[in-house]
Amino acid sequence: MPKVVQQQIGNIALVVENYDDAIEFYTQKLQFTLVEDTDLGGGKRWVRVSPPNSNGTNLLLAQASTEEQAKFIGNQAGGRVFLFLQTNDFWRDYELMKAKGVIFNGEPRVEEYGTVVVFQDLYGNKWDLLQLSSAPQ
């Protein structure tokens, strides 16, 4: 009997200008957990952050090391929403993020699929904060 294919996306690399500034933003303003910060030498680090109580994909904060990489800081998706932060309590997280100075691109709205608002990370990448209509409370 063939083995069942089982895969998952473990990390998504996010190009950042500075490791420590990015760690501060994600852990302080978005309440993410610092999963790992390992010095790899030569100014490189393996830095992973994850939303609280997440059991899935981590963000791998990758400090730009070339001019070419630096061009993509804040625009990894060509101006579109890049990442989707799903929550079980939209208004709790929205109010907390707003109080911590997170920049929102408009007001929250209720759509058929759930409650959503676009926000920006410290470099301008666009994210959706989203509570699906079918999300457990």
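Just so it is clear, the structure is predicted and the values come from calculations on it, not from any experiment. (Residues numbered from 1 in each chain as written. Predicted model: local features only at pLDDT ≥ 70, side-chain atom pairs only at ≥ 80, totals over all residues. Heavy atoms only, no water.)

**Re the packing of aromatic side chains**
The cut-off we apply is this: Here a Phe, Tyr or Trp ring, Trp counted by its six-membered ring, pairs with any other such ring whose centre lies within 6.5 Å, and the pair is stacked when the planes are under 30 degrees apart, edge-to-face when over 60, and tilted otherwise. Using a 1.4 Å probe on the protein chains alone, a residue whose accessible area is under 20% of its type maximum counts as buried, one over 50% counts as exposed, and one in between counts as partly exposed.
Applying the stated criterion across every chain, the model contains ten aromatic pairs. On the numbers, 4.9 Å between centres and 80 degrees between planes, the contact of Phe 90 with Trp 91 is edge-to-face. For Phe 90, a relative accessible area of 0% puts it in the buried group. Of the aromatic side chains, those joined through ring pairs into one cluster are Phe 25, Tyr 26, Phe 32, Phe 90, Trp 91, Tyr 94, Phe 104, Phe 119 and Trp 127.

**Some points on the UniProt feature "domain: VOC" (unreviewed entry) in the chain**
Quick note on the threshold: UniProt positions are given in the numbering used here, feature names are shortened, and annotations may be inferred rather than shown by experiment. Helical segments are the DSSP runs of H or I of at least four residues, strand segments are the runs of E of at least two, and each set is numbered from the N terminus.
Residues given the UniProt feature "domain: VOC" (unreviewed entry) here are residues 8-132. Across residues 8-132, the secondary structure splits into 20% helix and 42% strand, with the terminal C-alpha atoms separated by 22 Å.

**Points about the sheet that holds strand E3 (residues 44-50)**
Applied cut-off: In short, DSSP must find at least two bridges between two strands for them to pair. An axis is simply a line fitted to the C-alpha atoms; with a helix, the fit covers only the stretch in contact. Between two such axes, the angle follows the N-to-C directions and lies from 0 to 180 degrees.
Judged by pairing direction, the sheet is mixed, and its four strands sit side by side in the order E1-E4-E3-E2 without closing on themselves. Single-partner strands in this sheet number two, and they are strand E1 (11-16) and strand E2 (33-41). With strand direction ignored, the average angle separating the axes of adjacent strands in the sheet is 25 degrees. As judged from the seven bridges shared by E2 and E3, these two strands associate in the antiparallel manner. By the bridge assignment for E3, Thr 33 is matched with Ser 50.

**A look at helix H1 (residues 19-29)**
Our working definition: Think of a polar contact as two N or O atoms within 3.5 Å of one another; within protein, one of them needs to be a possible hydrogen donor and the other a possible acceptor, and neighboring residues in sequence only count if both atoms come from side chains.
Those residues of H1 not exposed but buried are Tyr 19, Ala 22, Ile 23, Phe 25, Tyr 26 and Thr 27. Sitting at the amino-terminal end of H1 is Asn 18, which places a side-chain oxygen 2.9 Å from the backbone nitrogen of Asp 20. Where H1 ends, the next residue or the one after it, Gln 31, has phi of about 65 degrees, a positive value.

**What about helix H3 (residues 90-99)?**
For an α-helix, the turn length of 3.6 residues means that residues three or four places apart are oriented alike. Rules: The directions from the helix axis to the C-beta atoms are what the arc is built from. Here, residues are in contact when the closest pair of their heavy atoms is within 4.5 Å.
Every buried residue of H3 is listed here: Phe 90, Asp 93, Tyr 94 and Met 97. Each buried residue of H3 sits inside an arc of 100 degrees when the element is viewed along its axis, so together they form one side. Against H1, strand E6 (103-104), strand E8 (114-120) and strand E9 (126-132) lie the buried residues of H3. After H3 finishes, the residue Gly 101 shows a positive phi value of roughly 90 degrees.

**What about the environment of Ala 62?**
Tracing the chain through its elements places Ala 62 in strand E4 (residues 58-63). Residue class for Ala 62 comes out partly exposed when judged on its relative accessible area of 25%. Through-space distance from the C-alpha of Ala 62 to that of Glu 17 is 8.3 Å; in sequence the pair is 45 residues apart. Setting aside chain neighbours within four positions, we find Ala 62 in contact with Leu 14, Val 15, Val 16 and Tyr 19.

**Describing the pattern of salt bridges**
We count it as follows: By salt bridge we mean one thing: a side-chain nitrogen of Lys or Arg within 4 Å of a carboxyl oxygen of Asp or Glu.
Counted according to the given criterion, the structure contains six salt bridges. One network of salt bridges, with partners in common, ties together Asp 20, Asp 37 and Arg 45.

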